[in-house]
Amino acid sequence: MTFAKTVTIGLFVSAFVRSVAQDFTPHIHGTLRSKFEVQTEENESRFMVRNARVSIDGLVLEKVGYKAEIDLSDEGRIKMLDAYTRLVPVRGLQFTVGQMRVPFTVDAHRSPHRQYFANRSFIAKQVGNVRDVGATLAYSFNPGFPVVLEGGLFNGSGLTDQKDYWTKGVNYSAKLQLMLPRGFNVTLSGQKISPNGHTVMMTDGAVAYHGHGWHVEAEYLYKHYSHGAFAAVQAFDGFVNYDIPLRRQGSMVKKISPLARFDWMTDHSDGTVDDKGLLKLTDCKRARVTGGVTFSLGLPFISDIRLNYEKYFYRDGATPKESERDKLVVELMTRF
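Residues numbered from 1 in each chain as written. Predicted model: local features only at pLDDT ≥ 70, side-chain atom pairs only at ≥ 80, totals over all residues. Heavy atoms only, no water.

## Remarks on the packing of aromatic side chains
Here comes step 1: All told, the structure shown has eleven aromatic pairs when counted by the stated rule.
Here comes step 2: Ring plane angle 85° and centroid distance 5.7 Å describe the contact between Phe117 and Phe239, whose orientation is recorded as edge-to-face. With a gap of 122 residues between them, Phe117 in the loop between β5 (93-101) and α2 (122-127) and Phe239 in strand β12 (residues 233-242) connect regions that are remote in the sequence. We note that Phe117, like Phe239, is buried.
Here comes step 3: Relative to Tyr242, the ring of Trp214 lies with its centre 4.5 Å away and its plane at 40°, an arrangement referred to as tilted. One end of the pair, Trp214, is in strand β11 (residues 214-225); the other, Tyr242, is in strand β12, and 28 residues separate them in sequence.
Here comes step 4: Trp214 sits in the partly exposed class, given a relative accessible area of 39%.
Here comes step 5: Grouped by ring-pair contacts, the aromatic residues Tyr116, Phe117, Phe239 and Phe301 constitute a single cluster.
Here comes step 6: Between the NZ or CZ atom of Arg286 and the centre of the ring of Phe122, over which it lies, the distance is 4.0 Å. (Phe/Tyr/Trp six-rings, centres within 6.5 Å; stacked < 30°, edge-to-face > 60°. Helix = DSSP H or I, 4+ residues; strand = E, 2+ residues; numbered from the N terminus. Buried < 20%, exposed > 50% of the residue type's maximum accessible area, 1.4 Å probe, protein only. Lys NZ or Arg CZ within 6 Å of the ring centre and 35° of its normal.)

Here it is in structure tokens:
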């Protein structure tokens, strides 16, 4: 056998081994969240399918990945959530373009199956929950502990207004994650958005500890509207969770996790304007205390029963939203 043939065969075998070692099989996942809620003061109740998400992700080449996710029942509506391609040119560096969750906050970035409580915090639901179309660049490195730095540029069009949307400016977001030793994490992030032509700047900081069965987290967000279009918004979310493993053979429940949360937010506008073009109040000032317990039927965040009670506190004269009142919530979450 000639040297050239030997080299050719060797290169073919090497490429074949790399292709076999690399998994190009699409991965299909789903999250189902069904709940029963009772508003205790009104004596009203309802069943609800909060999420019915299906996603597919994987690789088409060694350094090219993708993800597409749709929710068939996001509060009863169908929504396309993620649709992006991700390039990883070198280790630690990734470039993502498409529709995605903006890199901002901590609690808003949790997928529904990874939430600790049946209902999201005010930060995750009303203030920091942003998906948009754009591009992000992320770089991870380790100077003694893992660090992730991510930033991106976005249209500001949201998920449903892309076809005829043109802009002379862009929105941006940046996020720094420090995974410190001994289970401590620090996350800092900032974001600029422009709802209905009003420039809004947001900053967010969070600290967390995870270890020895405990997860303790606190997050603070500040939202500033340019030219005094609306009073600055402050929001806080703090919670504690403790995992108690059950080692009894044959037990259906593998872990019990008591948990408690306090969250609070001042008067807030989501960017909706009135007939005079002024920003409207969409969420009035309130605080909430949530207590409960999670029963994990298998691995954490795979199949959980979440039992929560929420107590709201409003200022005098405030009108609570229809679904933001004292309530008991029982939720069954399944992830596949």
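## Some details on a nonpolar patch on the surface
Here comes step 1: On the surface, a cluster of nonpolar side chains totalling about 650 Å² of accessible area is made up of Ile28, Leu32, Val54, Ile56, Leu72, Ile78 and Phe336.
Here comes step 2: Among the secondary structure elements, those contributing two or more residues to the nonpolar patch are β1 (27-39) and β2 (44-61).
Here comes step 3: Looking at where Ile78 falls in the secondary structure, it is placed in strand β4 (residues 77-90). (Patch = residues over 30% accessible without salt bridge, like charges linked within 9 Å, V, L, I, M, F, W, Y side chains within 5 Å. Areas by Shrake-Rupley, 256 points an atom, 1.4 Å probe, with all protein chains shown as cover. Salt bridge = Lys/Arg side-chain N within 4 Å of Asp/Glu carboxyl O.)

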